[in-house]
Amino acid sequence: DAGVIQSPRHEVTEMGQEVTLRCKPISGHDYLFWYRQTMMRGLELLIYFNNNVPIDDSGMPEDRFSAKMPNASFSTLKIQPSEPRDSAVYFCASTRGATNEKLFFGSGTQLSVL
Amino acid sequence: GNSVTQMEGPVTLSEEAFLTINCTYTATGYPSLFWYVQYPGEGLQLLLKATKADDKGSNKGFEATYRKETTSFHLEKGSVQVSDSAVYFCALSDRIYNQGGKLIFGQGTELSVKP
C-alpha cells in the first residue's frame, strides 16, 4: 500500500492568498483526520471525517479554514485568506474502524505564509 | 478535559545509554495509551500501545507500562542507538464518546542520540 499521500510537500504563499492542501487516505480506511503541528501548540486535531462526513470540526481555528471530503479517496483543507500565523506543518491521517486506534500519517505539508 | 503531559526536550544521550521519557495523562474513563515516533521529515508512526491498566506495550526495544495509579505511561529503552533520534509523542484515545481513533497528543519530546 502507498500509505497516506499528501500534496504538496511544501507550500510557500503570500498573506491573503488561498491555500489548498490535499490528502489521499489509505484505501479502505473510513476515518480521516487533519492535524496541524507548530512549535508553540504541538499537534492539534483540526477536523475528522467518518465515511466522508465531518464528525468533529471543533478544532478548526476560524472560518478561514474549511475541509471537504467529496469521496472516500480524497480530502482537502483550504485556508482563505491565509495569514502568517497559519504557517505550520499540516498532517493528514487515516484509520479503519471506530475501534482501531492506530493512525497512519502522511508525510505532511509544510506551509509558509509570508 | 483529557490531556497528556510529556517531559520537555530536547533529550540528548550517548549511544547505548538508558532512555526514559516521562508521560502523564488526565482522563475520565479508560483510555488507551500510545507512543508515536516522528523521524525527521516524516509523519508520525505508531511505536507501541496499551489498552488497559498494567498492560505493557513494546516494540523495537522500547517499552511502556500503563500505570493507572500514577496516571503514567513512561517510555523506556535499555540501550539507545543513533537511529532512535526522533521526536516521541505520547497520546491517549478519547474513548468516552466512542470517536474511534481520536487521539490527544502530548507536546512531543525530541531525542538526540550521539555516537
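To start, this report covers the structure provided alongside it. (Residues numbered from 1 in each chain as written. Chains lettered and ligands numbered in written order. Predicted model: local features only at pLDDT ≥ 70, side-chain atom pairs only at ≥ 80, totals over all residues. Heavy atoms only, no water.)

## Quick notes on the sheet that holds strand E3 (residues 19–21) of chain B
Residue and element names in this part refer to chain B.
- Spatial strand order, E3-E9-E8-E7: four strands in an open sheet with antiparallel pairing. The two strands at the open ends of the sheet, each matched to only one other strand, are E3 and strand E7 (56–59). Between one strand axis and the next, the sheet turns through 15° on average, direction left out of account.
- Across four bridges, E7 lies against strand E8 (residues 62–65) in antiparallel orientation. Across the sheet, the residue bridging to lysine 56 is threonine 65, located in E8. (Pairing = 2+ DSSP bridges. Helix = DSSP H or I, 4+ residues; strand = E, 2+ residues; numbered from the N terminus. Axes fitted to C-alpha atoms, helices over the stretch in contact; angles between N-to-C directions.)

## Quick word on the state of the cysteines
- Per the counting criterion, the structure on display carries two disulfides over all chains.
- The disulfide partner of cysteine 23 of chain A is cysteine 92 of chain A, and the gap between their sulfur atoms is 1.9 Å. Between cysteine 23 of chain A and cysteine 92 of chain A, the S-S dihedral sits near -65°, and the bridge is therefore left-handed. Of this pair, cysteine 23 of chain A sits in strand E3 (residues 19–24) while cysteine 92 of chain A sits in strand E9 (residues 88–95), and the two are 69 residues apart along the sequence. Each member of the pair, cysteine 23 of chain A as well as cysteine 92 of chain A, is classed as buried.
- One disulfide in the model links cysteine 23 of chain B with cysteine 90 of chain B; its S-S distance is 2.0 Å. Handedness of the cysteine 23 of chain B-cysteine 90 of chain B disulfide follows from its S-S torsion of about -70°: it is left-handed. Taken as a pair, cysteine 23 of chain B in strand E4 (residues 23–26) and cysteine 90 of chain B in strand E10 (residues 86–93) lie far apart in primary sequence, 67 residues in all. For the pair cysteine 23 of chain B and cysteine 90 of chain B, one class covers both residues: buried. (Disulfide = S-S within 2.5 Å. Buried < 20%, exposed > 50% of the residue type's maximum accessible area, 1.4 Å probe, protein only.)

## Considering the sheet that holds strand E8 (residues 74–79) of chain A
Residues and elements named next belong to chain A.
- Read across the open sheet, the four strands follow the order E1-E3-E8-E7; overall the sheet is antiparallel. Each having just a single partner strand, strand E1 (5–7) and strand E7 (65–71) make up the two edges of the open sheet. Across the sheet, the mean angle from the axis of one strand to that of its neighbour is 15°, orientation sign disregarded.
- As paired elements, E7 and E8 share five bridges and run antiparallel to each other. If you follow lysine 68 over to E8, its bridge partner there is threonine 76.

## Things to note about the layout of surface pockets
- Looking at the largest pocket, its volume works out to about 620 Å³.
- Put simply, the parts of the chain that give the lining of the largest pocket at least two residues each are strand E4 (31–38), E9 and strand E11 (109–113) of chain A together with E10 and strand E12 (109–114) of chain B.
- Looking at the lining of the largest pocket residue by residue, the classes come out as eight nonpolar, 14 polar and four charged.
- As a volume, the second largest pocket reaches approximately 220 Å³.
- If you trace the second largest pocket, you find 14 residues lining it, with Leu103, Phe104 and Phe105 of chain A together with Leu44 and Gln45 of chain B closest to the centre.
- At the level of secondary structure, the elements contributing two or more residues to the lining of the second largest pocket comprise strand E10 (104–105) of chain A together with strand E6 (44–50) of chain B.
- Among the elements that take part in the lining of the second largest pocket, E6 of chain B stands out by supplying three residues, more than any other. (1 Å grid on protein atoms, 1.4 Å probe; cavity = no way out; pocket = protein on both sides within 12 Å on 5 of 7 lines; lining within 4 Å. Points joined across faces, edges and corners; volume = space filled by probe spheres on them. Nonpolar A, V, L, I, M, F, W, Y, C, P; charged D, E, K, R; others polar.)

## Describing the environment of arginine 22 of chain A
Residues and elements named next belong to chain A.
- Summarising the element assignment, arginine 22 is placed in strand E3.
- On the basis of relative accessibility, which here comes to 36%, the residue arginine 22 falls in the partly exposed class.
- Each C-alpha atom, one on arginine 22 and one on methionine 60, is 16 Å from the other, the two residues being 38 residues apart in sequence.
- Setting aside its immediate chain neighbours within four residues, arginine 22 contacts Ile5, Gln6, Ser7, Trp34, Phe74, Ser75 and Thr76.
- A polar side-chain atom of arginine 22 sits 3.4 Å from the main-chain carbonyl oxygen of threonine 20. (Contact = heavy atoms within 4.5 Å. Polar contact = N/O pair within 3.5 Å; in protein donor to acceptor, adjacent residues only side chain to side chain.)

## Considering the pairing of strand E5 (residues 33–38) of chain B
Residues and elements named next belong to chain B.
- The element E5 is extensively covered by neighbouring structure, given that six of its six residues are classed as buried.
- By the alternation rule, side chains of E5 split into Leu33, Trp35 and Val37 and Phe34, Tyr36 and Gln38, which are all buried.
- Judged from the six bridges that link them, E5 and E6 form a sheet pairing that is antiparallel. Note on E6: the bridge partner recorded for phenylalanine 34 is lysine 49.
- Remark: five residues form the turn of the hairpin made by E5 and E6, two consecutive strands paired antiparallel; glycine 41 in that turn has positive phi of roughly 75°.
- Bridge count between E5 and E10: six bridges; the pairing is antiparallel. Of the residues in E10, the one forming a bridge with phenylalanine 34 is alanine 91.

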